[in-house]
Amino acid sequence: MLPAMERRNRERFLAEPRVGVLGVTDSRGGDRAPLLVPVWYGYEPGGEVLVEMGRETIKARLATAAGRFSLCVQDEGRPYRYVSVEGPVTAVEDPVDPAVREALARRYLDAEEAHAYLAATAGQLTDDIVLRMRPQHWRSADFAAFAAAFAEEGAGAGAAEGAGAGAEGRAGEAAGTS
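Anyway, here's the lowdown on the structure attached to this text. Throughout this document, residue positions are counted from 1 along each chain, in the order its sequence is written. In keeping with the model being predicted, local features are shown solely for residues with a pLDDT of at least 70 and side-chain atom pairs are shown and tallied solely at 80 or more, while totals for entire chains, interfaces and linings include all residues. In computing side-chain values, all of the structure's heavy atoms are included and hydrogens and water are not.

## Regarding the environment of proline 3
1) Next: Here a strand is any run of E in DSSP of at least two residues, a helix any run of H or I of at least four, and the numbering for each starts at the N terminus. Secondary-structure assignment places proline 3 in the segment before helix 1 (7-15).
2) Next: When accessible area is computed with a 1.4 Å probe and restricted to protein chains, residues below 20% of their type maximum are described as buried, those above 50% as exposed, and intermediate ones as partly exposed. According to the relative accessible area criterion, proline 3 is buried, its value standing at 18%.
3) Next: Sequence separation between proline 3 and arginine 81 is 78 residues; the distance between their C-alpha atoms is 9.5 Å.
4) Next: Contacts: residue pairs with any heavy atoms within 4.5 Å of one another. Residue contacts for proline 3: discarding those within four places in its chain leaves Ser140, Ala141, Asp142, Phe143 and Phe146.

## Description of the side chain of glutamate 86
1) Next: Checked against the element boundaries, glutamate 86 lands in strand 5 (residues 81-93).
2) Next: In this structure glutamate 86 comes out as buried when scored by relative accessible area, which is 16%.
3) Next: In the analysis that follows, any N or O atom pair within 3.5 Å is treated as a polar contact, provided that within protein one partner can donate a hydrogen and the other can accept it, and provided that, for residues neighboring in sequence, both atoms belong to side chains. At a separation of 2.4 Å, a polar atom in the side chain of glutamate 86 contacts the side chain of arginine 68.

## Thoughts on the packing of helix 3 (residues 98-108) against helix 4 (residues 111-120)
1) Next: The interhelical angle for the contact between helix 3 and helix 4, taken along N-to-C directions, is 135°, at an axis separation of 8 Å. With respect to each other, helix 3 and helix 4 are oriented oblique. Crossing of helix 3 against helix 4: the hand is right-handed. Seen from helix 3, the contacting residues are Arg101, Glu102, Ala105 and Arg106; seen from helix 4, they are Ala111, Ala114, Tyr117 and Leu118.
2) Next: Here the residues of the contact of helix 3 with helix 4 sort into five nonpolar, no polar and three charged. Axis definition: a line fitted to C-alpha atoms, limited for helices to the stretch in contact. Angles are taken between N-to-C directions and run from 0 to 180 degrees. If an angle is under 35 degrees, it is roughly parallel; if it is over 145, roughly antiparallel; if it lies from 65 to 115, roughly perpendicular; otherwise it is oblique. Definitions for this section: a left-handed crossing has its near helix turned counterclockwise from the far helix by less than a right angle. A right-handed crossing has that turn clockwise. Each residue receives one of three labels: charged for Asp, Glu, Lys and Arg, nonpolar for Ala, Val, Leu, Ile, Met, Phe, Trp, Tyr, Cys and Pro, and polar for the others, Gly being one of them.

Below you can see the structure in the form of structure tokens.
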């Protein structure tokens, strides 16, 4: 069984400033897989996920047409962790509220960089939209406990990390969550 995070931990993890990967069904026809793109996002525990994007981008058109999207964030350091959420779009804010845009910039950049970024990209206030999504389905994994179990069995830290990475893939496949 995949070592899932408790609700409080997964919400706190999602609230940390990480680059997310937005996923949305690609309805443009043919044999297209879902569209997956990296994004900055905002989230507070118990709240909605918000993503700012260009109004005319493929991701904006697909997400508004689908009426839902998913977001996956991860910690690439060992032991690996991730949280994935999926749910309906609850609001499309057009144009972008300057306070929301500033909060996103300050989430990902230090104060000086955020100020310069906001000044250099001020046109996005009229070119972008914000999508809000209510997390409906959660998937998460925290392999810290899994790796600790290997270490306790005497496998050693290096073996536990390597075994955890391999078992992570197998656990995800078995649970149908990879």
